[in-house]
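The chain contents come next:
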Amino acid sequence: MNTKILVSRRSIQVFRVMLSGIFLVASLHHLLNVDKTVQRIDQANFKGIAYFFGHPELLVIISGIAMLIAGSSLLIGYKTRWAAIILMAVLIPITLTIQVGQITTLGPLFKNIAIFGGLLFFILNDFTQKQITKI
């Protein structure tokens, strides 16, 4: 089924800019506070997930760089689908490591689930095709 829904281009731009903000802030936190971020991993119930992927300090730096680049790309609207895919790939292990298993703080878990929804919007919708209007 190929149903089209007309939405304001401006609403998509605002959504993209607002969604990118959380990744830009998180990237700066990861890059400027590596030790603090590693401590959060060490205190997480599922820290084994992070350790499975490698050394936590290196993972924090790599994820910070990935979020900075992909978040900036999402912000300016360049390769939004790829930016969203990269951000989702970074967010999945972070969510599983830090948020899952922390029953007392379900808010951040559901915040990440909402962010997944926003990223899926940009993954599933193609904003590069130009609409051609026949006169």
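Residues numbered from 1 in each chain as written. Predicted model: local features only at pLDDT ≥ 70, side-chain atom pairs only at ≥ 80, totals over all residues. Heavy atoms only, no water.

Novice: Please set out the packing of aromatic side chains residue by residue, giving values where relevant.
Specialist: Counted by the stated rule, this structure contains four aromatic pairs. Ring geometry for Phe15 against Phe121: centres 5.3 Å apart, planes inclined by 55°, an arrangement best described as tilted. Pair noted here: Phe15 is in helix α1 (residues 9-32) and Phe121 is in helix α6 (residues 106-124), with a separation of 106 residues, a long-range link. Between Phe52 and Phe53, the aromatic rings sit 5.4 Å apart at their centres with planes inclined by 80°, giving edge-to-face as the arrangement. Both residues of the pair, Phe52 and Phe53, belong to the exposed class. Each member of the aromatic cluster is reached from another via a ring pair, and the members are Phe15, Phe121 and Phe122. (Phe/Tyr/Trp six-rings, centres within 6.5 Å; stacked < 30°, edge-to-face > 60°. Helix = DSSP H or I, 4+ residues; strand = E, 2+ residues; numbered from the N terminus. Buried < 20%, exposed > 50% of the residue type's maximum accessible area, 1.4 Å probe, protein only.)

Novice: Let's hear about the packing of helix α5 (residues 80-99) against α6: which residues, and what values?
Specialist: Helix-helix packing: each pair is described by the crossing angle between the helix axes and the interaxial distance. Across the interface, α5 lies against α6 with an axial gap of 9 Å and an inter-helix angle of 160°. Between α5 and α6, the angle is such that the two are roughly antiparallel. Regarding α5 and α6, the two cross each other, and that crossing is left-handed. Along its contact with α5, which presents Thr80, Arg81, Ala84, Ile85, Leu87, Met88, Leu91, Ile92, Thr95 and Gln99, the element α6 presents Pro108, Leu109, Asn112, Ile115, Phe116, Leu119, Leu120, Phe122, Ile123 and Leu124. A per-class count over the contact of α5 with α6 returns 15 nonpolar, four polar and one charged. (Axes fitted to C-alpha atoms, helices over the stretch in contact; angles between N-to-C directions. Parallel < 35°, antiparallel > 145°, perpendicular 65-115°, else oblique. Left-handed = near helix turned anticlockwise from the far one by under 90°. Contact = heavy atoms within 4.5 Å. Nonpolar A, V, L, I, M, F, W, Y, C, P; charged D, E, K, R; others polar.)

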